Amino acid sequence: MSRWETDETIPNTDTLKLMSILFDVSINTLLDSPRKLICQCCGMPLDDSTISREPDNSFNEDYCKWCYIDGKFVYESFDELLDFLVDHISNENFLPDAARNFFSEQLPKLDYWKNKA
């Protein structure tokens, strides 16, 4: 039995990245999902099917595949993302004004928007 399997040690970062690509799962999944991942641009919960990829096909566990594509951010302005979210998420139970207020309050707490400020 390996030292990894007995929790005596974990692989180094480079090894985890290679294993992630090889097995097509995120590092978070390899480590038994110790962190609850959310997109640091839009706030969507992330799993291996929604995590973005870098140009080398490695996972980028900070963003969803809709906000970050091929190493580039889709939404350059806060208002662009806010308008998209309000248009696509509001409904009869979550009216557009309520959605706009909610996302206007929550999005600035995410790393992408903190770093753009």
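Residues numbered from 1 in each chain as written. Predicted model: local features only at pLDDT ≥ 70, side-chain atom pairs only at ≥ 80, totals over all residues. Heavy atoms only, no water.

Here we come to unusual backbone geometry. Look at N57: it is not a glycine, yet its phi comes out positive at around 75°. Look at N57 and you get partly exposed, because its relative accessible area is 41%. In this structure, D70 is a non-glycine residue whose phi angle is positive, near 50°. Its place among the elements puts D70 in the loop between β3 (68-69) and β4 (72-73). Of the residues examined, D70 reaches a relative accessible area of 56% and is grouped as exposed. (Buried < 20%, exposed > 50% of the residue type's maximum accessible area, 1.4 Å probe, protein only. Helix = DSSP H or I, 4+ residues; strand = E, 2+ residues; numbered from the N terminus.)

The next thing to look at is the packing of helix α3 (residues 78-89) against helix α4 (residues 96-106). When two helices pack together, their arrangement is captured by the angle between the axes and the distance separating the axes. Two numbers describe how α3 lies on α4: the axes approach to 9 Å, and their chain directions differ by 140°. Considering their axes alone, α3 and α4 lie oblique with respect to each other. Here the hand of the crossing between α3 and α4 comes out right-handed. Along its contact with α3, which presents F78, L82, D83, L85, V86 and I89, the element α4 presents P96, A99, R100, F103 and S104. Broken down by class, the residue content of the contact of α3 with α4 amounts to 8 nonpolar, 1 polar and 2 charged. (Axes fitted to C-alpha atoms, helices over the stretch in contact; angles between N-to-C directions. Parallel < 35°, antiparallel > 145°, perpendicular 65-115°, else oblique. Left-handed = near helix turned anticlockwise from the far one by under 90°. Contact = heavy atoms within 4.5 Å. Nonpolar A, V, L, I, M, F, W, Y, C, P; charged D, E, K, R; others polar.)

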